[in-house]
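Examining the three-dimensional arrangement
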Amino acid sequence: TVDSEAEYTATIAPPRLETYDRHGDLINRIIRNPHYSQCQRDIYRRGFIALNYGNHPAPHLLCFCLGHLVSQADPSLHIAAALSATVAFVLGHHAPPDVRRHWLPGMLRTDGSALTGSLWTSERDDRCDLDQSTTRARKIGAEIGISGLKWFVGSPDCDLALVTARYNTETT
């Protein structure tokens, strides 16, 4: 259950950052205990994100109500799921069709292997206001390059990151 996972994670096996591998190479990997990881997979398996899509989508409010219940036992599980739900919403409603077709199905999986998402918005001066963002995006040939510093990331080991940046229309 979420309650027992939260207790185990809080008292016995909290997440830890593994900065270097055994050869001394920088890896910055977050290590979570298997109980936490299993609980997170169970949330997605039960359709936490997917229930808002498909032929008979539930209202997005339901996802946040379920999240409130989950957060009573372990807020970190709800934060990760809410960030994923936000990325799925942007993909489902605002992404170009080819991007949506490529990424959204992976976020809606209910087999325990769903992709997770996060928002990378906060900058060093503690602001998230896009009008004041110092992070820049610009076209470099056929690609988009991003430069800047994001100071806080809610779910740094996610599969997909939605990064906010000001777009420069000049091509290099």
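Residues numbered from 1 in each chain as written. Predicted model: local features only at pLDDT ≥ 70, side-chain atom pairs only at ≥ 80, totals over all residues. Heavy atoms only, no water.

1. Quick look at the environment of H23
Here is the rule we go by: The helix and strand labels rest on DSSP assignments: H or I over at least four residues marks a helix, E over at least two residues marks a strand, and numbering proceeds from the N terminus. To sort residues, take the accessible area from a 1.4 Å probe on protein chains only and compare it with the maximum for the residue type: under 20% means buried, over 50% means exposed, and anything in between is partly exposed.
Along the chain, the position of H23 falls in the loop between β1 (16-20) and β2 (26-31). The class of H23 is exposed, set by a relative accessible area of 58%. Distance in space between the C-alpha atoms of H23 and S155 is 26 Å, their sequence separation being 132 residues.

2. Topic: the packing of helix α2 (residues 34-45) against helix α4 (residues 75-94)
The criterion, for reference: Axis definition: a line fitted to C-alpha atoms, limited for helices to the stretch in contact. Angles are taken between N-to-C directions and run from 0 to 180 degrees. Oblique is the label for any angle not covered by the other classes, which are roughly parallel (under 35 degrees), roughly antiparallel (over 145) and roughly perpendicular (65 to 115). When the near helix sits turned anticlockwise from the far one by under a right angle, the crossing is termed left-handed; a clockwise turn instead gives a right-handed crossing. In this description, contact between two residues means that some pair of their heavy atoms is separated by no more than 4.5 Å.
Between α2 and α4, the shortest axis-to-axis distance is 11 Å and the interhelical angle comes to 45°. By the criterion of interaxial angle, the relationship of α2 to α4 is oblique. Remark: the crossing between α2 and α4 carries right-handed chirality. Here Y36, C39, Q40, I43 and Y44 of α2 lie close against α4, whose contacting residues are S76, L77, A80, A81 and S84.

3. Observations concerning the pattern of salt bridges
Our working definition: Put simply, a salt bridge is a Lys or Arg side-chain nitrogen that is within 4 Å of an Asp or Glu carboxyl oxygen.
Tallying each qualifying case throughout the model produces five salt bridges. Measuring nitrogen to oxygen at the nearest pair gives 2.4 Å for the salt bridge that ties R109 to D111. With relative accessibility at 38%, the residue R109 sits in the partly exposed group.

4. Brief notes about the side chain of N52
Let me state the cut-off plainly: N or O atoms closer than or at 3.5 Å make up a polar contact, with two conditions inside protein: a donor-capable atom paired with an acceptor-capable one, and, for residues adjacent in sequence, both atoms drawn from side chains.
Mapped onto the elements of the fold, N52 is located in the loop between α2 and α3 (60-71). Within the structure, the side chain of N52 is placed 3.2 Å from the backbone oxygen of A58, a separation counted as a polar contact. If we skip the residues at most four places from it in the chain, N52 touches P57, A58, P59, H60 and C63.

5. Notes on the confidence of the model for the chain
Selection rule: Summary of the metric used: pLDDT quantifies the predictor's per-residue confidence within the range 0 to 100.
When pLDDT is averaged along the chain, the result is 89; 97% of the residues meet or exceed 70. Highest mean pLDDT in the chain belongs to helix α5 (residues 97-107) (97); lowest belongs to strand β9 (residues 166-171) (73).

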